Amino acid sequence: MHPARINELVALDHQHVWHPFTPMRQWRESNPLIIESGDGDCLIDAHGNRYIDGVSSIWCNVHGHRVRQIDQAIRDQLDRIAHTTMLGLTHEPAVDLARRLCNLAPGHLNKVFYSDAGATAVEIAFKMAVGYWHHTGQPQRNRFIGIRGAYHGDTTGSMSVGYDETFHRPFKSMVFETDFVPAPDPFHTHRPPEDTTDRRWALEHPDHCAAIKDHALQALDQHLSKCADRTAAIVVEPLVQGAAGLIVHPPGYLADVADLARRHHTLLIADEVATGFGRTGAMFAADHEHVAPDILCLGKGLTGGYLPLAATLATDTIEQAFTGEIHEHRTLYHGHTYTGNPLACAAALASLDLFESTNLIEHVNRKAELLAQHLNPLRDASRFPYVGDVRQRGLMAGIELTIPGTDGATGFDPSRRWGADICRACRDRGIIIRPLGNVIVLMPPLAIRDENLIYLTDTVVSVIADYPFE
Ligand code: PMP
């Protein structure tokens, strides 16, 4: 791109664009990176520099950028129609995709409601749950149980069940009350056993893990024992709480939550917006524990990370509660202009084809091992005293930076911008990553080439090694 055009874009951006999750004053003092194109695992800036897309364009890219088969599917669809509504009409890509999703999804999910963002998929799930109880004669079941620290998106409902005092305080008057239960979070809950030298002590210490899991489940069970009759659903991010800092739940927690939901006759909403589509090494994280949610929220990787599309899947039982005579007004009165956009559905179908033709899930599991191997040096506490914890599930990994000698709950001073500084230093070495506070996140495209995965991981490890923490 011509240098004059780059300068013009920066000036215009600073003048007119309000960026998401971005402190704007500091942004305007910075020199933003302009991405001009993509190629496989890489993003290419306006100067022609290449960067590995280390967080897969906010956790959504699956097969890489400019993948021939997805590009072609979108072009072919473009030759038919770019957009037509799903309100009172239907179209081939949406129908085909719905059938494919129902076949792939865990359990007995047989109905697909489309929208266009993870947050809207969650919002719709909430309306399905509350509406289901309303239409089946238990309208008092209208509250949700959320897991502390959860993130479900930024619309009002999803914000309510992912309430965070730091982010959401100004909007407290907007959110609805939610019943929060403790997260089964081995690293932040207690200090590590004195004798441990392994940095990933938390998840690998079976007694500690079991105790944390039991504590979280007991709290949920106790709450349900008192309040099940006012609970519409338990809402959970299966296996990994992403935005909370890649909190990996102890094995078996999800299956036990599903069991509690069943025993207390409430619904289970699985928010797989981040974990869905292969990220954890199975098509859906719920598959690892053979869990059949009543409602499943999908987004991000649904289109391979190409176009905005989300889906909320529900059982026939739930959908049937919304059927009846017109005058009964059971209809789910919810929809968005771009619901089930045909271009996005075509991209999603092409992405699902690629999952099959490239055996992608198998490769994810192999690459996850490679990632673990290359993160391994961080376990050496004498070389990396500021690395408190390394967590990984499939191709999602978090490296938590803490002050040596402190525990996970207190070991971070937010005024020290370690995470942001380290990610910025990685950029100079050809890597784009974005932290969650003091957690360095690695979440590359699932199809990342082995050599790029190794470069990404080794570079992050070496940038952390060189960083002046003192
Ligand atoms: N749920 C989860 C678990 C997420 O991680 C996210 C986004 N990171 C969302 C919902 C919201 O998705 P979106 O940003 O597409 O609204």
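Residues numbered from 1 in each chain as written. Predicted model: local features only at pLDDT ≥ 70, side-chain atom pairs only at ≥ 80, totals over all residues. Heavy atoms only, no water.

## Describing the domain arrangement of the protein
Inference 1: Each assigned domain of the protein is listed with its residue range as follows: domain 1 (33-63 + 359-466) and domain 2 (71-357).
Inference 2: Here the C-alpha centre of domain 2 lies 25 Å away from the C-alpha centre of domain 1.
Inference 3: Taken together, the contacts link 44 residues of domain 1 with 36 residues of domain 2.
Inference 4: In total, domain 1 and domain 2 occlude about 3300 Å² of area from one another, counting both sides; carbon and sulfur atoms represent 58% of this.
Inference 5: There are zero salt bridges connecting domain 1 and domain 2.
Inference 6: If you look at where domain 1 meets domain 2, you find 15 residue pairs in polar contact (both at pLDDT 80 or more).
Inference 7: Secondary-structure elements contributing two or more residues to the side of domain 1 that touches domain 2 are α3 (56-59), α16 (360-375), β13 (387-393), β14 (396-401) and β16 (439-442).
Inference 8: The element that contributes the greatest number of residues to the side of domain 1 that touches domain 2 is β13, accounting for seven residues. (Domains from an automatic or database assignment. Contact = heavy atoms within 4.5 Å. Buried area = accessible area lost by both parts, 1.4 Å probe. Salt bridge = Lys/Arg side-chain N within 4 Å of Asp/Glu carboxyl O. Polar contact = N/O pair within 3.5 Å; in protein donor to acceptor, adjacent residues only side chain to side chain. Helix = DSSP H or I, 4+ residues; strand = E, 2+ residues; numbered from the N terminus.)

## What to know about the sheet that holds β13
Inference 1: Ordered by their spatial adjacency, three strands build an open sheet running β13-β14-β16, and the pairing between neighbours is antiparallel. Strands at the two margins of the open sheet, each flanked by one partner only, are β13 and β16. If you compare each strand with its neighbour and ignore which way they point, the axes differ by 15 degrees on average.
Inference 2: Pairing of β14 with β16, which is carried by four bridges, proceeds in the antiparallel orientation. Bridge pairing links Glu 400 to Val 439 in β16.
Inference 3: Contacts between α16 and the sheet are confined to β13, β14 and β16, with β13 contributing the most and set at about 170 degrees to the helix.
Inference 4: On top of the sheet, helix α18 (residues 450-466) reaches β13, β14 and β16; it is set at about 165 degrees to β16, its chief contact. (Pairing = 2+ DSSP bridges. Axes fitted to C-alpha atoms, helices over the stretch in contact; angles between N-to-C directions.)

## Here's the deal with the pattern of salt bridges
Inference 1: Within this structure, the stated rule accounts for 18 salt bridges.
Inference 2: Across the salt bridge formed by Arg 100 and Glu 356, the nearest N and O atoms sit 3.9 Å from each other. Here the residue Arg 100 occupies a position in helix α5 (residues 92-104), and Glu 356 occupies one in helix α15 (residues 342-357), the gap between them amounting to 256 residues.
Inference 3: For Lys 172, the salt bridge goes to Glu 165, with nearest N and O atoms at 3.4 Å.
Inference 4: Sharing partners across several salt bridges, the network here consists of Arg 143, Glu 177, Asp 179 and Arg 230.

## Overview of the packing of aromatic side chains
Inference 1: Scanning the model with the defined rule gives 10 aromatic pairs in all.
Inference 2: Both rings, one in Phe 126 and one in Phe 144, keep their centres 4.5 Å apart while their planes meet at 35 degrees; by these two values the pair is tilted. Of the two residues, Phe 126 is situated in helix α6 (residues 118-135) and Phe 144 in strand β5 (residues 143-147); the sequence distance between them amounts to 18 residues.
Inference 3: Classification of Phe 126 by relative accessible area gives buried; the value is 4%.
Inference 4: A ring pair is formed by Tyr 132 and Trp 133, whose centres lie 4.9 Å apart and whose planes are at 70 degrees; its orientation type is edge-to-face.
Inference 5: For Tyr 132, a relative accessible area of 13% corresponds to the buried category. (Phe/Tyr/Trp six-rings, centres within 6.5 Å; stacked < 30°, edge-to-face > 60°. Buried < 20%, exposed > 50% of the residue type's maximum accessible area, 1.4 Å probe, protein only.)

## Topic: the site of the ligand
Inference 1: Taken together, Trp 59, Ala 117, Gly 118, Ala 119, Tyr 151, His 152, Gly 153, Glu 237, Asp 271, Val 273, Ala 274 and Lys 300 make up the full set of residues adjacent to the ligand.
Inference 2: In this structure, Ala 119 approaches the ligand through a main-chain N or O atom, which is 2.8 Å from an oxygen atom.
Inference 3: Out of a free accessible area of 390 Å², the ligand has 82% covered by protein chains.
Inference 4: Considered class by class, the residues forming the shell around the ligand number six nonpolar, three polar and three charged. (Near = heavy atom within 4 Å. Areas by Shrake-Rupley, 256 points an atom, 1.4 Å probe, with all protein chains shown as cover. Nonpolar A, V, L, I, M, F, W, Y, C, P; charged D, E, K, R; others polar.)

## Topic: the layout of surface pockets
Inference 1: Here the second largest pocket is characterised by a volume of approximately 620 Å³.
Inference 2: Residue lining of the second largest pocket: 23 residues in total, with Val 112, Phe 113, Tyr 114, Glu 319 and Leu 332 positioned closest to the centre.
Inference 3: If you list the elements that add at least two residues to the lining of the second largest pocket, you get α5, β4 (109-115), β12 (310-315) and α14 (316-320).
Inference 4: No other element matches the four residues that β4 contributes to the lining of the second largest pocket. (1 Å grid on protein atoms, 1.4 Å probe; cavity = no way out; pocket = protein on both sides within 12 Å on 5 of 7 lines; lining within 4 Å. Points joined across faces, edges and corners; volume = space filled by probe spheres on them.)

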